[in-house]
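Residue-level structural notes
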Amino acid sequence: MSTGTGLRPATSSLREITGLPPYLRLLAGTQFAFNTGFYAVLPYLAGHLGEGLGMAGWLVGLVLGLRTFSQQGLFVVGGALTDRYGPRPVVLAGCLLRIAGFAWLALAGSTATVVAAVVLTGFAAALFSPAVESETAREAVRREQADGTARARTLAVFSAAGQAGAFLGPLLGSLLLAAGGEWGFRAACAAGVAVFVAVFAGHAVLMPRRAAVRRDRPRGGVRHLARNPRFLVLCLTYSAWLLAYNQLYLALPAEVERATGSQAALGWLFALSSLLVVTAQIPLTRHAAVRLAPRTALAGGLALVATGFALVPVTPGGAGGLLPGAVLVTLLTCGQMLLVPAARGLVPDLVDGRHLGLATGALSSVSGLAVLGGSAASGLLLQAPAPVLWGALAAVPLAGALAARLLPSGRADGEAGRAAG
């Protein structure tokens, strides 16, 4: 009996994936491959900067913030280009830039060259991700209108595919880092390059050439978004989430090193996070989509993230000192599974469909600005007493949860959503 119960989530998830229309399956596979290459490198970047290159903690935090800003902060560029030219050329350009960025990062030895390589890798995702995410959201709305499948369920499959890549990526990076020192990090970067070469080749062949290109060039998009208070509130809440999530690359590595003396176990904590999403995202979202309003899922997810931070200094250091980190990763991931599909599903309801790519990019760009400012401050706080550090970090998603209560309780009027189709 227990075996059958254990297999049920995996079987259900497989049905959701195979039940996607072909184009949505391509988009989900894209996210899987992109995250595999990305997470083979990113979790180990802070250690490389601090130990390998000798950067101070505040500078490491600033570089990580610049990476996030060059990615999330410039999503608006990728989103606008997607609205104008369609996703295919934007995705292919993003792949080429990520290949160049990882190759450069493997060889960079000075602060200036590291910053340039990090910014280039971030900008690559600023092109790639809004193209894929806005196209997925658009197709999710179309599917909802066609057969009644809740858009959050479709977006949950997309998230689970991305997290499957995020599960494999750190494990791949851990194996390559076993080579030791600079060669280990360079091997991880080389693996990332190889993955993105394969992604580029696959999408050059498989991605439709004219998908979702609009002949009428959208105008006034920035003004439309700036005058939309509900969308601005969503940006505020998502900023709180992204700043909290960025601590997986800054505060969590510091906690793991403090507890164990090294960052060797970091890959396993990332694997725990990804495994939770791969196994639980789809069934959780399927139930949440019919029981929770989007703003409730968003606020509840942020509250879980805040709880995870608050519990770190009071959790016993069992399991070889990793229990506080494991508690943080588990609660942050559970919060992520609730809030990310809800936030992405709200965007088509809050904006004109002609500006969906721009809005998807702007959501991340505003969040990227918040991370740019918050990461340097977080880097300084790493030396503070644990209650101060983790209490300050918990306050950010808690404020986001309170702001989320200002969003509409259910779907918006529906006009924007219909336009997105």
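Residues numbered from 1 in each chain as written. Predicted model: local features only at pLDDT ≥ 70, side-chain atom pairs only at ≥ 80, totals over all residues. Heavy atoms only, no water.

- An unreviewed UniProt entry annotates the protein as MFS transporter of Streptomyces fungicidicus.

**Some thoughts on the overall build of the protein**
- For the protein, the helix and strand inventory stands at 18 helices and zero strands.
- For the protein, the proportion of its 421 residues judged to be buried stands at 56%.
- Counted over contacts in the protein with a minimum sequence separation of 6, partners at least 24 positions apart contribute 86%.
- Carbon and sulfur atoms form 67% of the exposed surface of the protein, whose accessible area is close to 16,200 Å². (Helix = DSSP H or I, 4+ residues; strand = E, 2+ residues; numbered from the N terminus. Buried < 20%, exposed > 50% of the residue type's maximum accessible area, 1.4 Å probe, protein only. Contact = heavy atoms within 4.5 Å. Areas by Shrake-Rupley, 256 points an atom, 1.4 Å probe, with all protein chains shown as cover.)

**Observations regarding the side chain of glutamine 247**
- Within the secondary structure, glutamine 247 is located in the loop between α11 (229-245) and α12 (251-260).
- Take glutamine 247: its relative accessible area is 3%, and that puts it in the buried class.
- From its side chain, glutamine 247 meets the backbone oxygen of leucine 243 in a polar contact 3.3 Å long.
- Setting aside chain neighbours within four positions, we find glutamine 247 in contact with Leu252, Pro253, Phe309, Ser378 and Leu393. (Polar contact = N/O pair within 3.5 Å; in protein donor to acceptor, adjacent residues only side chain to side chain.)

**Looking at helix α2 (residues 22-39)**
- When the terminal C-alpha atoms of α2 are compared, their 26 Å separation across 18 residues agrees well with the 26 Å that a helix rising 1.5 Å per residue should span.
- Among the 18 residues of α2, 14 are classified as buried, and the element is accordingly described as predominantly covered. (Expected span 1.5 Å × (residues − 1).)

**Observations regarding the side chain of arginine 98**
- Of note, arginine 98 is situated in helix α6 (residues 87-107).
- The side chain of arginine 98 is buried and forms no salt bridge, while glutamate 133, the nearest opposite charge, is found at 11 Å. (Lys, Arg positive; Asp, Glu negative; His and termini not counted. Salt bridge = Lys/Arg side-chain N within 4 Å of Asp/Glu carboxyl O.)

**Quick look at the pattern of salt bridges**
- Following the criterion strictly, the structure yields five salt bridges and no others.
- Taking the shortest distance from any N to any O, the salt bridge between glutamate 139 and arginine 142 comes out at 2.6 Å. Within this pair, glutamate 139 and its partner arginine 142 are both found in helix α7 (residues 111-147), separated by three residues, close to a single helical turn.
- In this structure arginine 142 comes out as partly exposed when scored by relative accessible area, which is 33%.
- A salt bridge links arginine 143 to aspartate 147; its shortest N-O distance comes to 3.9 Å. Within this pair, arginine 143 and its partner aspartate 147 are both found in helix α7, separated by four residues, close to a single helical turn.

**Here's the deal with helix α17 (residues 386-404)**
- A rise of 1.5 Å per residue sets the reference length of α17, with its 19 residues, at 27 Å; its end C-alpha atoms lie 28 Å apart and thus fit the reference within 8%.
- Among the residues of α17, those classed as buried are Leu389, Trp390, Leu393, Ala394, Pro397, Gly400, Ala401, Ala403 and Ala404.
- Each element contacted by the buried residues of α17 is listed here: α11, α12, α14 (294-311), α15 (323-350) and α16 (356-381).

**Describing the packing of aromatic side chains**
- Counted under the stated rule, the structure contains eight aromatic pairs.
- Consider the rings of phenylalanine 38 and tyrosine 39, whose centres lie 5.0 Å apart with planes at 85°: the pair is edge-to-face. Each member of the pair, phenylalanine 38 as well as tyrosine 39, is classed as buried.
- Above the plane of the ring of phenylalanine 102 lies arginine 98, whose end atom (NZ or CZ) is 5.3 Å from the centre. (Phe/Tyr/Trp six-rings, centres within 6.5 Å; stacked < 30°, edge-to-face > 60°. Lys NZ or Arg CZ within 6 Å of the ring centre and 35° of its normal.)

**Some points on the packing of α11 against α17**
- At their nearest, the axes of α11 and α17 sit 8 Å apart, and the two run at 160° to each other. In terms of their interaxial angle, α11 and α17 are classed as roughly antiparallel. Here α11 runs over α17; the crossing is left-handed. Residues Val233, Leu236, Thr237, Ala240, Leu243 and Ala244 of α11 touch α17, and the partners they reach there are Val396, Pro397, Gly400, Ala403 and Ala404. (Axes fitted to C-alpha atoms, helices over the stretch in contact; angles between N-to-C directions. Parallel < 35°, antiparallel > 145°, perpendicular 65-115°, else oblique. Left-handed = near helix turned anticlockwise from the far one by under 90°.)

**Observations concerning the environment of alanine 280**
- Within the secondary structure, alanine 280 sits in helix α13 (residues 266-291).
- Put simply, alanine 280 and alanine 160 are 120 residues apart on the chain and 8.5 Å apart in space, counted from C-alpha to C-alpha.

**Section: a nonpolar patch on the surface**
- On the surface, Val77, Leu81 and Tyr85 cluster together to form a nonpolar patch covering roughly 250 Å² of accessible area.
- With respect to the helices and strands, leucine 81 occurs in helix α5 (residues 75-85). (Patch = residues over 30% accessible without salt bridge, like charges linked within 9 Å, V, L, I, M, F, W, Y side chains within 5 Å.)

**Overview of the nonpolar core**
- Counting 97 residues, the largest nonpolar core has Leu234, Trp241 and Phe309 as the members making the most contacts within it.
- The element best represented in this core is α15, accounting for 10 residues.
- If near-sequence neighbours (up to four positions away) are discounted, tryptophan 241 is found in contact with Leu302, Val305, Leu332, Gln336, Leu339 and Val340. (Core = buried A, V, L, I, M, F, W, Y, C linked by side-chain atoms within 4.5 Å.)

**What about the confidence of the model for the protein?**
- Here the protein averages 79 in pLDDT, while 87% of its residues score no lower than 70.
- Within the model, the stretch residues 211-215 combines pLDDT values under 50 with 13 contacts to residues more than four positions away or in other chains.
- Low pLDDT, under 50, characterises residues 412-421; the stretch is placed with 25 contacts to residues that sit more than four places away or in other chains. (pLDDT = per-residue confidence, 0-100.)

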